[in-house]
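What follows is each chain in one-letter form.
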Amino acid sequence: MNLTSILKKLEEVAPVALSNAFCKTYSMYDNSGILVDCGTEINGAVFSLDLTDEVLAEVEKLGYNLIVTHHPVIFGGIQHIYAGDLVAECFRKGISVISMHLNFDAAPEGVDYHLMCGLGGNTAIKVLEPVEGGAYGRVYDIKPIVFGDYKKHVNKTFSTDRALFYGDDNKIIKRVASFCGAGSGNSSINFAKANGADVFVSSDMKHHEITALLHNGINVIHLTHYSAESYGFNKIYLKIKDGLQIPSSFYFDKGLA
């Protein structure tokens, strides 16, 4: 199967056009789609949140020639390519790369949606950033649970022991606001406050954001970026892998989770 055909299969989850619409609507930047094209027929793929040395080794071990990442392997402009650079190594070894970033984040059943599901939600009461065909940032109700017990659920569900928890362990959690990846900021915090969230969940948070939420009586769960997004990326992979018509696998990096 050729690379374009694989991209079309991936776009059944969410087209790259969704990323473009998201960037246009909210003044963001992204670089999704085919980012490394070695011009060969694809014989197998490894799905991974990131392009790393370990993933490259895994692809070589399996004899595959495609990596599908969530985070774009080329994000800004490239000024220099040097020996040993991961992108250069992909070209040298004949390994193509597709990255599906904001479109997979904002898909109707994308990474942000699956973060909600993993945290115990089913349907968003409201979304922070809607676009036609998708959304990012959600607030939703869950079955009431004491925060101390909720912490155990989160660690188990997202396969991590690196999550950070702030707030009263005895607080009853009934409403959650969550944002996959680096989703904290003034707009997210105000969204959580305005919609009565008991707990705020995101990654890559700044100290003043955490203290602002606690000041407003909102507990905080600071997931690793990897665990927050790899969970949903894997759910997408499991849904589409049989339709790819090539051998594939999912790489989970315990060192980043």
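Structure first, text after, so check above.
The text that follows walks through the structure, step by step, so that each part is easy to find. Since the model is a prediction, treat every value here as computed from it, not as a measurement.

### What to know about the side chain of R138
Thought 1: With respect to the helices and strands, the residue R138 is situated in strand β6 (residues 134-146).
Thought 2: Within the structure, the side chain of R138 is placed 2.6 Å from the side chain of D112, a separation counted as a polar contact.

### Here we look at the sheet that holds strand β9 (residues 199-202)
Thought 1: Taken in spatial order, the 6 strands make up an open sheet running β5-β6-β8-β9-β10-β7, and their pairing is mixed. Lying at the two open borders of the sheet, with one neighbouring strand each, are β5 (126-131) and β7 (164-166). If you compare each strand with its neighbour and ignore which way they point, the axes differ by 15° on average.
Thought 2: Taken together, the 3 bridges between β7 and strand β10 (residues 219-222) define a ladder with antiparallel strand orientation. In the sheet register, L164 faces β10, and the bridge partner there is H222.
Thought 3: Together, β5, β6, β8 (172-178) and β9 form the strand contacts of helix α8 (residues 186-194), whose direction differs from that of β5 by roughly 135°.
Thought 4: Here helix α9 (residues 207-215) sits on the sheet in contact with β7, β9 and β10, set at roughly 150° to β10.

### Observations regarding the side chain of H114
Thought 1: Structurally, H114 is set in helix α6 (residues 111-118).
Thought 2: Classification of H114 by relative accessible area gives buried; the value is 13%.
Thought 3: What H114 contacts, discounting residues up to four positions off in sequence, is E109, Y231, G232, K235 and I236.

### Focus on the pairing of β6
Thought 1: Where β5 lies against β6, 5 bridges are found, and the strand directions are antiparallel. Paired with V127 across the two strands is R138, which belongs to β6.
Thought 2: Linkage of β5 to β6, two consecutive antiparallel strands, is achieved through a turn of 2 residues, within which G133 is found at a positive phi near 90°.
Thought 3: Of the pairings in the sheet, the one linking β6 to β8 comprises 6 bridges and is antiparallel in character. Its bridge partner lying in β8, R138 is registered against S178.

About the criteria used
- Residues numbered from 1 in each chain as written.
- Predicted model: local features only at pLDDT ≥ 70, side-chain atom pairs only at ≥ 80, totals over all residues.
- Heavy atoms only, no water.
- Helix = DSSP H or I, 4+ residues; strand = E, 2+ residues; numbered from the N terminus.
- Polar contact = N/O pair within 3.5 Å; in protein donor to acceptor, adjacent residues only side chain to side chain.
- Pairing = 2+ DSSP bridges.
- Axes fitted to C-alpha atoms, helices over the stretch in contact; angles between N-to-C directions.
- Contact = heavy atoms within 4.5 Å.
- Buried < 20%, exposed > 50% of the residue type's maximum accessible area, 1.4 Å probe, protein only.

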